[in-house]
Amino acid sequence: MATLFDPVELKWSGSIQLRRPRSGHSSLMIETDKVLVGGGQHQRSFELINVRKMHSRLLSAKLPHPTDDLELLRLNDHRVWVIGGQNTRTGDTTDQTWILDLGH
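Report follows, based on the coordinates.

What to know about unusual backbone geometry
Despite not being glycine, Leu10 has its phi angle at roughly 55 degrees, a positive value. Within the secondary structure, Leu10 is located in the loop between β1 (2–6) and β2 (11–16). Classification of Leu10 by relative accessible area gives exposed; the value is 64%. The backbone phi angle of His42 is positive, close to 65 degrees, even though this residue is not glycine. Relative to the elements of secondary structure, His42 occurs in the loop between β4 (34–38) and β5 (45–50). His42 sits in the exposed class, given a relative accessible area of 59%.

Thoughts on the packing of aromatic side chains
On inspection of all chains with the given rule, the structure shows one aromatic pair. When the ring of Phe5 is compared with that of Trp12, the centres are 5.2 Å apart and the planes differ by 65 degrees; the resulting orientation is edge-to-face.

Things to note about the environment of Gly103
Looking at the element boundaries, Gly103 is found in the segment after β11 (97–101). Here Gly103 falls in the exposed class, since its relative accessible area comes to 57%. Each C-alpha atom, one on Gly103 and one on His78, is 6.0 Å from the other, the two residues being 25 residues apart in sequence.

Things to note about a nonpolar patch on the surface
Together, Phe5, Leu10 and Trp12 make up an exposed nonpolar region whose accessible area comes to about 400 Å². If you trace the backbone, Trp12 turns up in strand β2.

Section: the nonpolar core
Grouped together as the largest cluster of nonpolar side chains are 14 residues, with contacts concentrated most on Ile30, Leu36, Phe46, Leu72, Val80 and Val82. Mapped by element, the contributors of at least two residues to this core are β3 (26–31), β5, β9 (79–83) and β11. The contact partners of Leu72, leaving out residues within four places of it in the chain, are Ser26, Ser27, Leu28, Leu36, Gly38, Phe46, Val80, Trp81 and Val82. Counting six residues, the second largest nonpolar core, distinct from the first, contains Ala2, Leu18, Val37 and Ile49.

Considering the pattern of salt bridges
Evaluation of the coordinates by the stated rule reveals four salt bridges. Of the charged contacts, one joins Arg22 and Glu47 as a salt bridge, the two residues approaching to 3.0 Å between their closest N and O atoms. Of this pair, Arg22 sits in the loop between β2 and β3 while Glu47 sits in strand β5, placing them 25 residues apart in sequence. Glu47 shares its class with Arg22; the two are buried.

Reading guide: rules and limits
- Residues numbered from 1 in each chain as written.
- Predicted model: local features only at pLDDT ≥ 70, side-chain atom pairs only at ≥ 80, totals over all residues.
- Heavy atoms only, no water.
- Helix = DSSP H or I, 4+ residues; strand = E, 2+ residues; numbered from the N terminus.
- Buried < 20%, exposed > 50% of the residue type's maximum accessible area, 1.4 Å probe, protein only.
- Phe/Tyr/Trp six-rings, centres within 6.5 Å; stacked < 30°, edge-to-face > 60°.
- Patch = residues over 30% accessible without salt bridge, like charges linked within 9 Å, V, L, I, M, F, W, Y side chains within 5 Å.
- Areas by Shrake-Rupley, 256 points an atom, 1.4 Å probe, with all protein chains shown as cover.
- Salt bridge = Lys/Arg side-chain N within 4 Å of Asp/Glu carboxyl O.
- Core = buried A, V, L, I, M, F, W, Y, C linked by side-chain atoms within 4.5 Å.
- Contact = heavy atoms within 4.5 Å.

Listed below in structure tokens is the structure:
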């Protein structure tokens, strides 16, 4: 679940139910009101959170294996570079990187 902070009221309020439970994941703001969440312990999926609409949706793209402690970096176009992390199944640090095209 993602809980939002209201800077006017100075309190946490409102929540957005994530599509997958996550720990050890990475998040990246890709637009003013959109956050990409990816990977995590036992997770291969990505989801896009729309903060304005208070909604989350799974993307069709998946990592080749569950990856935790990864990093998401925004490129100059509508792509995200996925680097680092560990294969959750084996515990091995990955030497792979991936490019996720969000196709806007």
